[in-house]
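Below are the chains, spelled out letter by letter.
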Amino acid sequence: MTSQEWEGRMMQINSVSPIEWAIDMLDEAKTADDVQTALRCSARAAVQAQGVTIVQLEDGECHYLCEDAMSPLWAGQRFPATSCISGWAMLHDQTVVIPDIRTDARIPQAAYRPTFVRSLLMVPIRVAGSPVGAVGAYWADLHQATGDEVATLERLADAAGRALAKVPAPVGRSGAARGLADGALPV
């Protein structure tokens, strides 16, 4: 690539907003792992959070697949969907905004106590209209997620759902049963 071609490409990249870039990456995803990576690499910056997690709904459990956070959260862990906020968001198919986790009865305080999390935003990821996962954003301070932050994370979750709908399903799965984890159930 010539210097002039390189400069043209960089101008093109710089003219795209980070959200549009993330949505483009999700649109180009070939695997569920590509979807996870695009979300993990974009969601935290998109809403200026101190952490994000990508969660898969699987056999009544919330499997925390991956995260990008200022300190460890729950990557690799599983919780009953009925006892965590990501499960609540998926089971009720609703976005959840919690400005202070210490005052919300839906939050399992013991799971959150060792973390930096004080506020959160949790958005379901849908395939064929049914929640299959969630993306959660976390703040270390009291934070009321703004309308723009909610809309941004919902756009990313919608793009992730569209991407998951078109990637090959892991063996034995299809449609809404398709998960965010490529291949085997445990990640």
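One can find the structure itself at the top, above this paragraph.
About the cut-offs
- Residues numbered from 1 in each chain as written.
- Predicted model: local features only at pLDDT ≥ 70, side-chain atom pairs only at ≥ 80, totals over all residues.
- Heavy atoms only, no water.
- Helix = DSSP H or I, 4+ residues; strand = E, 2+ residues; numbered from the N terminus.
- Buried < 20%, exposed > 50% of the residue type's maximum accessible area, 1.4 Å probe, protein only.
- Contact = heavy atoms within 4.5 Å.
- Areas by Shrake-Rupley, 256 points an atom, 1.4 Å probe, with all protein chains shown as cover.
- Pairing = 2+ DSSP bridges.
- Axes fitted to C-alpha atoms, helices over the stretch in contact; angles between N-to-C directions.
- Expected span 1.5 Å × (residues − 1).
- Disulfide = S-S within 2.5 Å.
- Core = buried A, V, L, I, M, F, W, Y, C linked by side-chain atoms within 4.5 Å.

J.: What is the right way to look at the overall build of the protein in this model?
T.: Helix and strand counts for the protein come out as six helices and six strands. Reading the protein from its N end, one meets helices and strands in the order α-α-α-β-β-β-α-β-α-β-β-α. Counting all 187 residues of the protein, 45% fall into the buried class. Of the contacts formed within the protein by residues at least 6 apart in sequence, a portion of 56% connects residues at least 24 apart. Put simply, the protein shows about 9100 Å² of open surface, and 53% of that area lies on carbon and sulfur atoms.

J.: Which parts of the structure should I look at to understand the environment of Pro-114?
T.: Mapped onto the elements of the fold, Pro-114 is located in the loop between α5 (109–112) and β5 (119–127). Separated by 42 residues in the primary sequence, Pro-114 and Pro-72 place their C-alpha atoms 9.5 Å from one another.

J.: Where do I start with unusual backbone geometry in this structure?
T.: One non-glycine residue with positive phi stands out, namely Gln-48, at about 50 degrees. Positionally, Gln-48 belongs in the loop between α3 (32–46) and β1 (51–58).

J.: Would you explain the sheet that holds strand β3 (residues 78–80) in this entry?
T.: Two pairing modes exist for strands in a sheet, parallel and antiparallel, and in both the strands are linked by backbone hydrogen bonds. Ordered in space as β3-β2-β1-β6-β5-β4, the six strands form an open sheet in which the pairing is antiparallel. Looking at the sheet topology across the chains shown, the edges are occupied by β3 and β4 (96–98). Direction aside, the axes of adjacent strands within the sheet are offset by 25 degrees on average. Bridge analysis of β4 against β5 gives three bridges, and the strand direction is antiparallel. Looking at β5, one finds that Ile-98 is bridged to Leu-120. Across the sheet, helix α6 (residues 147–166) touches β4, β5 and β6 (130–139), and the angle it forms with β5 is around 30 degrees.

J.: So what exactly am I meant to see when it comes to α3 here?
T.: Three- or four-residue spacings in an α-helix give side chains the same orientation, since the helix completes a turn every 3.6 residues. With 15 residues, α3 should cover 21 Å at 1.5 Å per step; its first-to-last C-alpha distance of 21 Å lies within 8% of that length. Here α3 has its buried residues at Ala-32, Val-35, Gln-36, Ala-38, Leu-39, Ser-42 and Ala-43. At its buried positions, α3 is contacted by α2 (18–27), β1, β2 (61–69), β5, β6 and α6. Positive phi shows up at Gln-48, right after α3, with a value of about 50 degrees.

J.: Sorry, what's going on with the state of the cysteines here?
T.: In a disulfide, the sulfur atoms of two cysteines are covalently bonded to one another. Tallied over the full model, the rule gives zero disulfides. Free cysteine Cys-41: the closest other cysteine sulfur is in Cys-66, separated by 8.6 Å. You can see Cys-62 has no disulfide; the closest cysteine sulfur is in Cys-84, sitting 3.3 Å from it. Owing to a relative accessible area of 0%, Cys-62 belongs among the buried residues under this scheme.

J.: How should the nonpolar core be read in this particular structure?
T.: Grouped burial of nonpolar side chains is what soluble globular proteins tend to show. Counting residues in hydrophobic clusters, the biggest one holds 33 residues, and the most contacted among them are Leu-26 and Leu-153. Considering each element in turn, this core owes the most residues, eight residues, to α6. Within the second largest apolar cluster, 23 residues are counted, among which are Val-55, Tyr-112, Val-117 and Ala-134.

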